[in-house]
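Coordinates in review
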Amino acid sequence: MSQIYFTEDHEWVRVEDDGTATIGITTFATNQLGDIVFVELPEVGKTVGQGEQAAVVESVKAASEVYSAVSGEVLETNQAIADDPGSVNEDPMGAAWFFKLKLSAPEELEKLMDQAAYDDFTAKQG
């Protein structure tokens, strides 16, 4: 069974039992960005640390870094969102994930928010 966690930078991470972590941006982030027109994904095999820039997303309003919610090695990227960046606006918490990595420091999950805490956090941001 997978668990989902959130960062204050509006990334989400879903962790599977095998230690695979899928990372994307939240619906809140896509609402703030507006229509997404470009996505740059990390290279497969790259090692990223928690909080490090891993990808870039550009919208009609702004460019924004996508940070890795946890540390690990990139196993796979979602080429579909690079080919069709607008799909991130349509399903940011599902099919429009950014990359998957092999979780290298599971204890980092303790620093992240669960759904209820993230909902409270975004409610305060208006």
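Residues numbered from 1 in each chain as written. Predicted model: local features only at pLDDT ≥ 70, side-chain atom pairs only at ≥ 80, totals over all residues. Heavy atoms only, no water.

**Considering the overall build of the chain**
Scanning the chain from terminus to terminus reveals four helices and nine strands. Starting at the N terminus and ending at the C terminus, the chain contains elements arranged as β-β-β-α-β-β-β-β-β-α-α-β-α. Relative to a compact globule of 126 residues, whose C-alpha radius of gyration would be 14 Å, the chain shows 13 Å and is just as compact. For the chain, the spread of C-alpha atoms along the principal axes amounts to about 35 × 35 × 25 Å. Looking at the chain residue by residue over its 126 residues, the buried ones come to 48%. A separation threshold of at least 6 residues defines the contact pool for the chain, and within that pool the share at least 24 residues apart is 59%. Of the roughly 6400 Å² of accessible surface on the chain, a fraction of 46% belongs to carbon and sulfur atoms. Across the chain, the 7 positively charged side chains and the 24 negatively charged ones have centroids separated by 3 Å. (Helix = DSSP H or I, 4+ residues; strand = E, 2+ residues; numbered from the N terminus. Rg over C-alpha atoms; globule rule 2.2 N^0.38 Å. Buried < 20%, exposed > 50% of the residue type's maximum accessible area, 1.4 Å probe, protein only. Contact = heavy atoms within 4.5 Å. Areas by Shrake-Rupley, 256 points an atom, 1.4 Å probe, with all protein chains shown as cover. Lys, Arg positive; Asp, Glu negative; His and termini not counted. Charge placed at Lys NZ, Arg CZ, Asp CG, Glu CD.)

**Brief notes about the sheet that holds strand 3 (residues 20-25)**
Across the sheet, six strands lie side by side as 1-2-3-9-8-5; this open sheet has antiparallel pairing. The outermost strands of the open sheet, each flanked by one partner alone, are strand 1 (3-6) and strand 5 (47-48). In terms of strand pairing, strand 5 meets strand 8 (residues 72-77) through two bridges, oriented antiparallel. Residue pairing in the sheet places Val48 in a bridge with Gly72 of strand 8. (Pairing = 2+ DSSP bridges.)

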